[in-house]
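In case you want the letters, here they are:
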Amino acid sequence: MKRHAVACSLTLTTAIWTPVDAIAADRAFGEYLSSECVTCHQLSGRYEGIPPIVGWPEPIFIEAMQDYRQKKRDNPIMQTVADRLSPEEIAALAAYFGSLPAVSAK
Ligand code: HEC
């Protein structure tokens, strides 16, 4: 009975930690890629003429970047930026920016 419980919790731990490690790696890659973005976008989440991109849910961030790539959003700067990124890079950027706290007001 006791042994079963231990084995069970070990399995659970492994199942939970593997994806977390993968996400952490992505986020580090995203942070590396973000140096280009933060010349325009404020890491603080303030507006400053360019919309903040921190604290977004990852799927929404990815969708916005895909919309620029597919020219559904028509900002030429962001179309160029998004065009150069692979889906993996966009996912990593989404993980990184999404992990930063959003600022509610300016
Ligand atoms: C040269 C300045 C510049 C750079 C560099 C830049 N952006 Fe942008 N970004 C903008 C501007 C300006 C907008 C608003 C465009 C619009 O109105 O559609 C924008 C919009 C966005 C949006 C949508 C924001 C919203 O509120 O809808 C996302 C997401 C985004 N950028 C992500 C990125 C990422 C990720 C990078 C780096 C890979 C990046 N940007 C680099 C200027 C920049």
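Rules of the game
- Residues numbered from 1 in each chain as written.
- Predicted model: local features only at pLDDT ≥ 70, side-chain atom pairs only at ≥ 80, totals over all residues.
- Near = placed C-beta within 6 Å.
- Helix = DSSP H or I, 4+ residues; strand = E, 2+ residues; numbered from the N terminus.
- Nonpolar A, V, L, I, M, F, W, Y, C, P; charged D, E, K, R; others polar.
- Buried ≥ 20, exposed ≤ 12 C-beta atoms within 10 Å, placed from the backbone.
- Core = buried A, V, L, I, M, F, W, Y, C linked by C-beta atoms within 7 Å.
- Contact = placed C-beta atoms within 7 Å.

Visitor: I would appreciate a short explanation of the site of the ligand in the present structure.
Guide: As a structural note, the neighbourhood of the ligand is formed by 17 residues, with C37, C40, P51, A64 and N75 the closest of them. At the level of elements, α1 (2–37), α2 (58–69) and α3 (76–83) are the ones that each hand at least two residues to the shell around the ligand. Its residues assigned to classes, the shell around the ligand comprises twelve nonpolar, three polar and two charged.

Visitor: Just checking my understanding: could you explain unusual backbone geometry for this structure?
Guide: The phi dihedral of E48 is positive, around 50°, even though this residue is not glycine. Along the chain, E48 turns up in the loop between α1 and α2. Note on E48: 12 C-beta atoms within 10 Å, which makes it exposed. In the Ramachandran plot, K71 falls in the positive-phi region, its phi being about 60° despite a non-glycine side chain. By the secondary structure assignment, K71 is in the loop between α2 and α3.

Visitor: Explain the nonpolar core here, please?
Guide: One broad trend across soluble globular proteins is that nonpolar side chains are buried collectively. Residues F61, M65, L93, A94, Y96 and F97 are the most contacted members of the largest nonpolar core, which totals 13 residues. Taken together, the elements giving at least two residues each to this core come down to α2 and α4 (87–99). It is α4 that contributes the most residues to this core, seven residues altogether. With residues up to four places along the chain from it excluded, the contact list for F97 reads G30, S34, I53, V54, W56 and F61.

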